[in-house]
Amino acid sequence: MSAGPFLSTTWFAPDQRATATAVASLFSYLGGAASFIIGPLVVPAPNNTQTFTSTVSVGDENFIRERIQMVMYAELAVIALLFVAVLIYFPARPPVPPSVAAASQRLSYRSSICRLLSNVRFLMIALAYAVPTGVIAGWIGVLDMVLTPAKISQVDAGWIGFWSTVGGCVFGVAMARFADSIRGMLKLILVLMLAGASLSSTWFNLTCLSFTHLPSTAAILYTSCILVGIFINSSVPIFFELLIETVYPVPEGITCGLVTFLGNLVTGLLLFFLTFYCTDLSWLNWCLTGSCLFSLVLILFFRESYDRLYLDVFVSV
């Protein structure tokens, strides 16, 4: 996750960086999207939300464990192949730096960590990124359980997760390209994305409540869930670019690595609480809405700056 912004700064010109960051960071989401299809096809449904037509019982834990192990070993083979390819050939940087920022001196690791932890503006946007992305990572990981009360099967839940992730990738690259064409508007783009995520998640929650008497069809659940994934997932590269602009000259890998860790920490805490409160997951849905609103408020009060862009535009001139 943190490698994309580093690669975009090292290899791409200022008017291509957001797009490069989006491609590098969001393409990893396509593997997650594929898992929503591969999972139900390879591993049988353990919660009887789908009839599994096989000679082996759905409740056979040994069979399910073997199928999961098969998926994990297949992933290991692909990762090992890519790792060997990188070891054989992967140049560190282009012969000529594409921008002033790419050739400039950066802070050391210790100085970078101290500056990040003492920068209130960085902490604001780091929380704005980590909370919604961390919550949706945990939420979408148990999407089958979330949608079971609505009589949505594991296969259908997998397709919802697939299209929300793929839609986020496509929309994210498109918005990043738009951000490259009108530089200096990252905050506005994030406000619009988070507002859309807040409205979509609220729509989903109200649809799941019986006393609201809102229409609750499969199409509405599909649409609301997919929109939530699109708005939050597509905001990732925009967050990365704004984070880097805010704390420059802190290296991109350190900045994005720290916020990625915070996002994973939020996901871990969410899944930890899920082990104790797993019978009724309505609280998890409202956590998703609350995280989007929390992030939206932080971004609204955030004062943006573009130190790296200023260096590239004015110093190069």
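Treat the numbers as computed from the prediction; the structure is a model and nothing was measured.

Visitor: Go over empty space enclosed by the protein with me, naming the residues and quoting the values.
Guide: Empty pockets left among the atoms are what a rolling probe the size of a water molecule brings to light. In this structure the tally under the stated criterion is 1 cavity of 30 Å³ or more. There is about 120 Å³ of room inside the largest cavity. Around the largest cavity sit 13 residues that line it, and Asp180, Arg183, Leu186, Glu241 and Glu245 are the ones nearest its centre. Of all the elements in the fold, those that place two or more residues in the lining of the largest cavity are helix H2 (17-42), helix H8 (154-181), helix H11 (236-247) and helix H14 (307-315). By residue class, the composition of the lining of the largest cavity is 6 nonpolar, 1 polar and 6 charged.

Visitor: I'd like a rundown of the UniProt feature "transmembrane region" (unreviewed entry) in the chain, residues and numbers included.
Guide: UniProt records the feature "transmembrane region" (unreviewed entry) for residues 21-43, 70-90, 120-140, 160-179, 186-206, 218-244, 256-277 and 283-302 in the present numbering. As annotated, residues 70-90 has a helix share of 90% and a strand share of 0%, and its two end C-alpha atoms lie 30 Å apart.

Visitor: Pulling in residues and values, what's your account of the packing of aromatic side chains?
Guide: Evaluation of the coordinates by the stated rule reveals 9 aromatic pairs. The interplanar angle of 85° and the centroid separation of 5.5 Å between the aromatic rings of Trp159 and Phe162 together place this pair among those described as edge-to-face. Pair noted here: Trp159 and Phe162 are both in helix H8, with a separation of 3 residues, about one helical turn. Judged by relative accessible area, which is 34%, Trp159 ranks as partly exposed. Ring centres of Phe171 and Phe231 lie 6.3 Å apart, and the angle between their planes is 85°; on these two criteria the pair is classed as edge-to-face. Placement of the pair is Phe171 in helix H8 and Phe231 in helix H10 (residues 218-234), with a sequence separation of 60 residues.

Criteria and thresholds
Within each chain, residue numbers correspond to sequence positions counted from 1 in written order. Only residues with pLDDT of at least 70 are given local features in this predicted model, and only at 80 or more are side-chain atom pairs given and counted; all residues enter the totals for whole chains, interfaces and linings. Calculated side-chain values reflect all of the structure's heavy atoms, with hydrogen atoms and water omitted. Cavity and pocket criteria rest on a 1 Å grid covering protein atoms alone: a 1.4 Å probe that fits but cannot get out defines a cavity, protein on both sides within 12 Å along at least 5 of 7 lines defines an open pocket, and an atom within 4 Å of a point defines a lining residue. Grid points are joined across faces, edges and corners, and a volume is the space filled by probe spheres set on the points. Only DSSP runs of H or I with at least four residues qualify as helices, and only runs of E with at least two residues qualify as strands; both kinds are numbered from the N terminus onward. Charged means Asp, Glu, Lys or Arg here, nonpolar means Ala, Val, Leu, Ile, Met, Phe, Trp, Tyr, Cys or Pro, and polar covers whatever is left, Gly included. UniProt positions are given in the numbering used here, feature names are shortened, and annotations may be inferred rather than shown by experiment. Aromatic pairing here means that ring centres of Phe, Tyr or Trp (its six-membered ring) are within 6.5 Å. Orientation follows from the plane angle: under 30 degrees is stacked, over 60 is edge-to-face, and everything else is tilted. Think of it in three bands: with a 1.4 Å probe and only protein chains considered, a residue is buried below 20% of the maximum accessible area for its type, exposed above 50%, and partly exposed in between.

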